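# Structural overview
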Amino acid sequence: MNNEKILILDFGSQYTQIIARKVREIGVYAEIHPFSIKKEKLLEINPKGIILSGGPNSVYGEQAPHPFDDIFNLGIPVLGICYGLQLIAYLQNGIVDKSAHREYGRADLIIDKENELLSGLNSMQVWMSHGDSLKSLPAGFEVIAHTNNSPICAIQNSLKKIYGVQFHPEVHHSIDGKTILSNFVRNICGCTETWSASSFIDESIRKIREQVGDGEVICALSGGVDSTVLAVLLHKAIGDKLHCMHIDTGLMRMNESEKLMDLFKQNFNMSIELINGSDKFLGRLSGVTDPEQKRKIIGKSFIDLFDVGAKRFNNAKWLAQGTLYPDVIESVSVKGPSVVIKSHHNVGGLPEKMGLKLIEPFRELFKDEVRAVGRELGVPDWFVKRHPFPGPGLAIRILGEITPERIDVVQKADAIYIEEIRNAGLYDDIWQAFAVLLPIQSVGVMGDERTYENTCVLRAVTSVDGMTADWFPMPYDVLSRMSNRIINEVRGINRVVYDITSKPPGTIEWE
Ligand code: XMP
């Protein structure tokens, strides 16, 4: 098997995933494993290099995570970052100083010695985030760079190809950090650039065919980017042995299901089973106002409808899911070897119930990588760039009771809002934008008439992965146009407000 890959061991740093992304941007495949990986497993993966991530612990701590004993004697190059550097020193009898100055933020790195890791670089700005620092070197190591506060900031044992840096080359505040990672991955580990969207597609198609054999696969198509790209990839791999179903919950954005059907018909010559579930969903949601109850009802209704739909394909042995990397691995895998998998609301519980095996080709990918795969497969750009949309749909954007009238109001407001965002050229700067309908009425005046109507909230956030988010600074003139149009064009709304809550403390959705 191709071993052009880098293994990243996670010691709990908030930046571990960024290391993986940066290595892949260099064109080399990287995967993250918990620090507690067994030696046999690591040898089976057979990486060309190992990166030890940072982490919040002190190497002296009782709970300090350590890798298996002879990790430095495998003949595989190692790069330790921050806590990773301290581990290299501590585990090989160097001394880590707990009383050193804490250092957070920018620092100037001064290179002391020509070396392969920092090759091609001059002194530069780096990003520090550490408490402990190195006091004395383990045998066989030498200092290759320092900063004012860290006399030992980068080290090497060039014979054993073991390197360590106190700073974080993976974050963008470390100018030229990517060159350091590239020097390690390409020059020191000798990896060639074999990772790209198209190589991923070829490899996935091969794997899917091998995995599925003669079996058939069912795929629940939500209309989001992940499940859409997944369906196109699977279709390319196994053609008619793929059966896609799209459940229209009646809680979709305006004309969403129609658009999705058109996309597949026009671009991919694939037939998708459209299941109209709006009566079932809206019937069961009638009178329900509690957010958790709404979610539970929707999850269960999805399963019921999907179950009925899927029974017709009784040769199907597989269920495809668009699970992504951030769903699979938690950066805190340092707390234990178990990985946490987000249960997919729409097909949760189904695989066990129906005896289906899971197929998840995107388990190793980040959202932007799925987008690149989509583009490579010919999914139109406008679709690939679409904002995420939650499975429970508008049900969690209509606070209070869900009725057909209220769905209509929020769909119209949302369509105008998104249209104006697109007109202003801001759509791609925003992670997610949508309208929310509140169960609150307020007094207004339109023409000479008093109104007593609903409040619409506009929400727009920037984010990298949806885990944290900032509210988007929407320009005033754009807000003004949005507000005017929504109040003029959507009956039932007489007040528009803009949400300026970040996550945390808020969540992106309102329910
Ligand atoms: P929150 O509201 O938790 O949302 O900040 C984070 C991201 O997840 C999306 N979201 C969901 N997606 N099923 C989904 O498929 C759900 O039940 C669900 N709830 C929230 C949300 O839109 C945002 O992108």
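Everything that follows concerns the structure shown earlier in this document.
Now for a description of the structure that goes with this document. All figures in this text were calculated on a predicted structure; none of them were measured in a lab.

## Let's talk about the site of the ligand
- Around the ligand, a shell composed of 13 residues is seen, among which R295, Q432, K503, I508 and E509 lie nearest.
- Side-chain polar atom of R295 to an oxygen atom of the ligand: 2.7 Å apart, as the coordinates give it.
- Here Q432 contributes a side-chain N or O atom positioned 2.8 Å from an oxygen atom of the ligand.
- Relative to its unbound accessible surface of 490 Å², the ligand loses 76% to contact with the protein.
- Class assignment of the residues belonging to the shell around the ligand gives a composition of five nonpolar, five polar and three charged.

## Details of the packing of helix α8 (residues 278-285) against helix α9 (residues 291-311)
- Axis separation between α8 and α9 bottoms out at 10 Å; the angle between their running directions is 150 degrees. One way to sum up the angle between α8 and α9 is to call them roughly antiparallel. With respect to the hand of their crossing, α8 and α9 are arranged in right-handed fashion. Across the interface between the two elements, K280, F281, R284 and L285 from α8 touch K294, I297, I298, K300, S301, F302, D304 and L305 from α9.
- In terms of residue class, the contact of α8 with α9 is made up of six nonpolar, one polar and five charged.

## Brief notes about the pattern of salt bridges
- This model, assessed by the stated rule, comprises 28 salt bridges.
- Where R253 meets E256, a salt bridge forms, and the shortest distance between an N and an O atom there is 3.3 Å.
- Overall, R253 belongs to the buried group, its relative accessible area being 16%.
- Take E256: its relative accessible area is 6%, and that puts it in the buried class.
- A salt bridge links D408 to K412, with the nearest nitrogen and oxygen atoms 3.0 Å apart. Pair noted here: D408 and K412 are both in helix α14 (residues 404-423), with a separation of four residues, about one helical turn.
- Each of E419, E420, R481, R485 and E489 takes part in salt bridges that share partners, so that together they form one network.

## Considering unusual backbone geometry
- In this chain, K503 is followed by P504 through a cis amide linkage whose omega measures -15 degrees.
- The linkage connecting P504 with the following residue, P505, adopts the cis geometry, with an omega of 10 degrees.
- Positive phi, close to 70 degrees, is recorded for D176, a residue that is not glycine.
- Relative to the helices and strands, D176 resides in the loop between β11 (162-165) and α4 (177-188).

## As for the environment of A395
- Tracing the backbone shows A395 in the loop between α13 (381-384) and α14.
- Judged by its relative accessible area of 0%, A395 is buried.
- Taking the C-alpha atoms as reference points, A395 and G250, separated by 145 residues in sequence, lie 9.4 Å from one another.
- In contact with A395, other than residues within four places in its own chain, are L251, L285, K294, I298, I402 and E511.

## Some words on the packing of helix α6 (residues 225-238) against helix α7 (residues 256-268)
- Look at α6 against α7: their axes get within 12 Å of each other, and the N-to-C directions meet at 30 degrees. With respect to α7, the axis of α6 lies roughly parallel. Crossing handedness for the pair α6 and α7: right-handed. On the side of α6, the interface is formed by T228, A231, V232 and H235, while α7 contributes L260, L263, F264 and F268.

## Quick word on the sheet that holds strand β12 (residues 216-220)
- If you walk across this open sheet you meet the five strands as β14-β13-β12-β15-β16, and the pairing is parallel. Pairing within the sheet leaves two strands with one partner each, and these edge strands are β14 (272-276) and β16 (357-359). On average, each strand axis in the sheet is tilted by 30 degrees relative to the strand beside it, whichever way the strands run.
- As defined by bridge partners, β12 adjoins strand β15 (residues 316-320) across four bridges and the pair is classed as parallel.

Reading the values: rules and limits
Numbering of residues starts from 1 in each chain and follows the order in which that chain's sequence is written. Per-residue local features are limited, in this predicted model, to residues with pLDDT of at least 70; the limit for side-chain atom pairs, both in listing and counting, is 80 or more; totals at the level of whole chains, interfaces and linings are taken over all residues. The basis for every side-chain value is the complete set of heavy atoms in the structure, and neither hydrogens nor water enter the calculation. In these notes, residues near a molecule or strand are those with any non-hydrogen atom within 4 Å of it. Whenever two N or O atoms come within 3.5 Å, that pair is a polar contact, provided that in protein one can donate a hydrogen and the other can accept it, and provided that, for residues adjacent in sequence, both atoms are side-chain atoms. Surface accessibility follows the Shrake-Rupley procedure with a 1.4 Å probe radius. Residue values consider only the protein chains on display as shielding. Polar here means any residue outside two lists: the nonpolar Ala, Val, Leu, Ile, Met, Phe, Trp, Tyr, Cys and Pro, and the charged Asp, Glu, Lys and Arg; Gly therefore counts as polar. Angles run from 0 to 180 degrees between N-to-C directions of axes, and those axes are lines fitted to C-alpha atoms, restricted for helices to the stretch in contact. Runs of E in the DSSP output that reach at least two residues are strands. Runs of H or I that reach at least four are helices, and both are numbered from the N terminus. Oblique is the label for any angle not under 35 degrees, not over 145, and not in the 65 to 115 range, which are roughly parallel, roughly antiparallel and roughly perpendicular in turn. Each crossing is labelled by how the near helix is turned from the far one, with a counterclockwise turn of less than a right angle marking it left-handed and a clockwise turn marking it right-handed. For this analysis, residues touch if any pair of their heavy atoms sits within 4.5 Å. The salt bridge definition used is simple: a Lys or Arg side-chain nitrogen within 4 Å of an Asp or Glu carboxyl oxygen. Relative accessibility under 20% of the residue-type maximum defines a buried residue, over 50% an exposed one, and the middle range a partly exposed one, all with a 1.4 Å probe and only protein chains included. Strands pair, by our definition, only if DSSP identifies at least two bridges between them.

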